[in-house]
Amino acid sequence: MTVNLEVADGVGTIRLDRPPMNALDIATQDRLRELAAEVTRRDDVRAVVVWGGEKVFAAGADIKEMQAMDHAAMVVRSKALQDAFTAVARIPKPVVAAITGYALGGGCELALCADFRIAADNAKLGQPEILLGLIPGAGGTQRLARLVGPSKAKDLIFTGRQVKADEALALGLVDRVVPAAEVYEQAHAWAARLAAGPALALRAAKESVDAGLETDIDTGLTIERTWFAGLFATEDREIGMRSFVEEGPGKAKFR
């Protein structure tokens, strides 16, 4: 398999495993979609880490595979490509990308599908598709602009340049930079912390933020209000409030 899933302590690690550079060929894209559906479905997975291993996150699409495709073939395939990445973005649980080495093209777009990005101090990120006479096709023009703003996104997309970890942090493209040897450990710790939290409230928070960004503020407030009121029907809300009253904040043990 080009992508594998390991589950421990409530955390599912989606591990890219296509040496040497984790090029995202069609089989890998399809496998990502399958595993996104699996972690969405499984109750024992409460948070997710997307990881490419110690050396590289993903250096982009499989260019040789794409070179052999004509316009008609890509018209068909481009929707499946986007659907695979959207499946990751819509996992209704906290998702963190653990980025080592290169996260370029499709690799950068995959990282953009996470809720939080932890990068190694040797990481390099970018959208170099323009250098091939193309534009990002797996969500890069949309998710990057929403994350860092249109001007900064256009700079990266228009030039195709790579940015090192420190610049990526300054741009808001990643959220934390750590030594390379600590990337997965810290990503897993972030996910494990949230895996112990109230699952439905975390889902509500993620869907409210993500859906709210796609609409006007009044509709966003309606989405928030609906989820907020709905959570009063959950056992976790009862546990959380009772624990707060009896023991103080931050001590609830959610089920």
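Look above for the structure.
Structure report, in brief. (Residues numbered from 1 in each chain as written. Predicted model: local features only at pLDDT ≥ 70, side-chain atom pairs only at ≥ 80, totals over all residues. Heavy atoms only, no water.)

What follows concerns unusual backbone geometry. Between P19 and the following residue, P20, the backbone shows a cis peptide bond with an omega angle of 5°. Within the secondary structure, P20 sits in the loop between strand 2 (11-16) and helix 1 (26-41). A positive phi angle, near 55°, is found at D9, a position not held by glycine. With respect to the secondary-structure elements, D9 resides in the loop between strand 1 (3-8) and strand 2. With a relative accessible area of 70%, D9 lands in the exposed category. Even without being a glycine, N22 presents a positive backbone phi close to 55°. Within the element layout of this structure, N22 appears in the loop between strand 2 and helix 1. (Helix = DSSP H or I, 4+ residues; strand = E, 2+ residues; numbered from the N terminus. Buried < 20%, exposed > 50% of the residue type's maximum accessible area, 1.4 Å probe, protein only.)

Within this structure, the stated rule accounts for 15 salt bridges. With a closest N to O distance of 3.3 Å, D30 and R33 form a salt bridge. Of this pair, D30 and R33 both sit in helix 1, 3 residues apart, roughly one helical turn. A salt bridge links R203 to E207, with the nearest nitrogen and oxygen atoms 3.0 Å apart. Here R203 pairs with E207, and both are found in helix 9 (residues 199-213), just 4 residues apart, close to one helical turn. (Salt bridge = Lys/Arg side-chain N within 4 Å of Asp/Glu carboxyl O.)

Here the focus is the side chain of K206. Position of K206 relative to the elements: it lies in helix 9. Taking relative accessible area as the criterion, K206 reaches 10% and is therefore assigned buried. Looking at K206, its side chain comes within polar contact range of the main-chain oxygen of I91, at 2.6 Å. Discounting chain neighbours no more than four positions away, the residues touching K206 are A89, I91, P92, K93, V95 and D115. (Polar contact = N/O pair within 3.5 Å; in protein donor to acceptor, adjacent residues only side chain to side chain. Contact = heavy atoms within 4.5 Å.)

Moving on: helix 3 (residues 71-89). Here helix 3 spans 27 Å end to end across 19 residues, near enough to the 27 Å set by a 1.5 Å rise per residue. Of all the bends in helix 3, the greatest, near 30°, is centred on R77. All of the buried residues along helix 3 are R77, A80, L81, A84, F85, T86, V88 and A89. (Expected span 1.5 Å × (residues − 1). Bend = angle between axes of the 7 residues up to and from the residue.)

Right, let's talk about the environment of E167 for a bit. Within the element layout of this structure, E167 appears in helix 7 (residues 165-171). Separated by 42 residues in the primary sequence, E167 and L125 have C-alpha atoms spaced 9.6 Å apart. Within the structure, the side chain of E167 is placed 2.7 Å from the side chain of R161, a separation counted as a polar contact.

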